[in-house]
Amino acid sequence: MTTGKPGVLRTVQAGGRSVELRYMEPGDATALLAFARSLQPHDLLFLATDITEVEGVNTWVDDILYGQVAVILAVAYGAVVGFSSVVRSPTRWMRHIGELRVVVGEAFRGVGLGRHLTAEAFRIAADMGVTRMVAQMTMDQLAAIRTFRRLGFTPMALLPGHVVDEDGRSYDLMLMHQEVASFAETLSHLE
Ligand SMILES: CC(C)(COP(=O)(O)OP(=O)(O)OC[C@H]1O[C@@H](n2cnc3c(N)ncnc32)[C@H](O)[C@@H]1OP(=O)(O)O)[C@@H](O)C(=O)NCCC(=O)NCCS
């Protein structure tokens, strides 16, 4: 459902709760920080920036202002409960590629919010001129792999030992992809 409220892209129902999906603005930095700090560190491992630190969130805000990244927040009762982001590749020969990231807070998982955030990210990607979306996750993130498969992504590459966490543990990295043009058809099969 589209709302008339300024800045709100959509209001969706997730698990019986009303959640607003809207573009992140600089004033959301503190709420995003609180959300990031509520997550398990492993949920954020695949992000390029550490958004559990003020500096990391400020980097995001700068990237949004410079148009290098689009971030959609899911907001319930004034708190951030999830986000999706699209980062367009700065490399000239990969400028058709957008990197998708989706994170949903544990209390809101499994009720369709990840799907809604992904759908908004695809709309924005199309507007940005992105034709292929890629998503990365570690091989042990089985829920994420299942979710992305369900949403039409297919595995593209497996990079052994490519990710190392804060404690020096290494993980295999899975790359998945989906053409932007096929996402609408994927969604129509789900609904
Ligand atoms: C991956 C993640 C975003 C999914 O969000 P979510 O809101 O729980 O997902 P949804 O409820 O929208 O589910 C989307 C689809 O995936 C399926 N799914 C979700 N979680 C699942 C699980 N644990 N096992 C199997 N399937 C699952 C759902 O059934 C749904 O399909 P359906 O609509 O046909 O029922 C969430 O688990 C998360 O934030 N994980 C940590 C961060 C991460 O790993 N992100 C991925 C890297 S970009």
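So, a few notes on the structure that sits alongside this text. (Residues numbered from 1 in each chain as written. Predicted model: local features only at pLDDT ≥ 70, side-chain atom pairs only at ≥ 80, totals over all residues.)

**With respect to the sheet that holds strand 8 (residues 170-179)**
Convention followed: When DSSP finds at least two bridges between two strands, those strands are taken to pair. Strands are runs of DSSP state E lasting at least two residues, helices are runs of H or I lasting at least four, and both sets are numbered from the N terminus onward. To define axes, lines are fitted to C-alpha atoms, for helices over the stretch in contact only, and angles between the resulting N-to-C directions are given on a 0 to 180 degree scale. Contact definition: two residues whose C-beta atoms, as placed from backbone geometry, lie within 7 Å.
Strand order in the open sheet formed by eight strands is 1-2-3-4-5-6-8-7, with mixed pairing between adjacent strands. Where the open sheet ends on each side, the last strands, each with one partner, are strand 1 (8-14) and strand 7 (154-164). Between one strand axis and the next, the sheet turns by 25° as a mean value, whatever way the strands run. As paired strands, strand 4 (residues 79-88) and strand 5 (residues 97-104) are joined by seven bridges and run antiparallel to one another. From the neighbouring strand, Phe 83 faces strand 5, where its bridge partner is Val 103. Together, strand 6 (132-138) and strand 8 form the strand contacts of helix 5 (residues 180-190), whose direction differs from that of strand 8 by roughly 85°.

**Some points on the nonpolar core**
To keep it simple, the criterion reads: Throughout this description, the term nonpolar core refers to a group of buried Ala, Val, Leu, Ile, Met, Phe, Trp, Tyr and Cys residues whose C-beta atoms join them within 7 Å. Buried means a residue has 20 or more other C-beta atoms within 10 Å of its own C-beta, exposed means 12 or fewer, and partly exposed covers the counts in between; C-beta atoms are placed from the backbone.
If you look at the biggest cluster of nonpolar residues, it comprises 42 residues, and the most contacted ones within it are Val 19, Val 71, Leu 73, Ala 74, Phe 83 and Leu 117. No other element matches the seven residues that strand 3 (residues 69-76) contributes to this core.

**As for the site of the ligand**
Just so we agree on the cut-off: Being near a molecule or strand means, for a residue, that its backbone-placed C-beta atom lies within 6 Å of it. Just so you know the grouping, Ala, Val, Leu, Ile, Met, Phe, Trp, Tyr, Cys and Pro go in nonpolar, Asp, Glu, Lys and Arg go in charged, and all remaining residues, Gly too, go in polar.
Around the ligand lies a shell of 22 residues, among which Arg 109, Gly 114, Arg 115, Ala 143 and Ala 144 are the nearest. Those elements that place two or more of their residues in the shell around the ligand are strand 5, helix 3 (113-128), strand 6 and helix 4 (142-150). Broken down by class, the residue content of the shell around the ligand amounts to eleven nonpolar, five polar and six charged.

**Details of the environment of Gly 129**
Turning to its location among the elements, Gly 129 is positioned in the loop between helix 3 and strand 6. For Gly 129, a count of 11 C-beta atoms within 10 Å puts it in the exposed group. Separated by 33 residues in sequence, Gly 129 and His 162 have C-alpha atoms that sit 29 Å apart.

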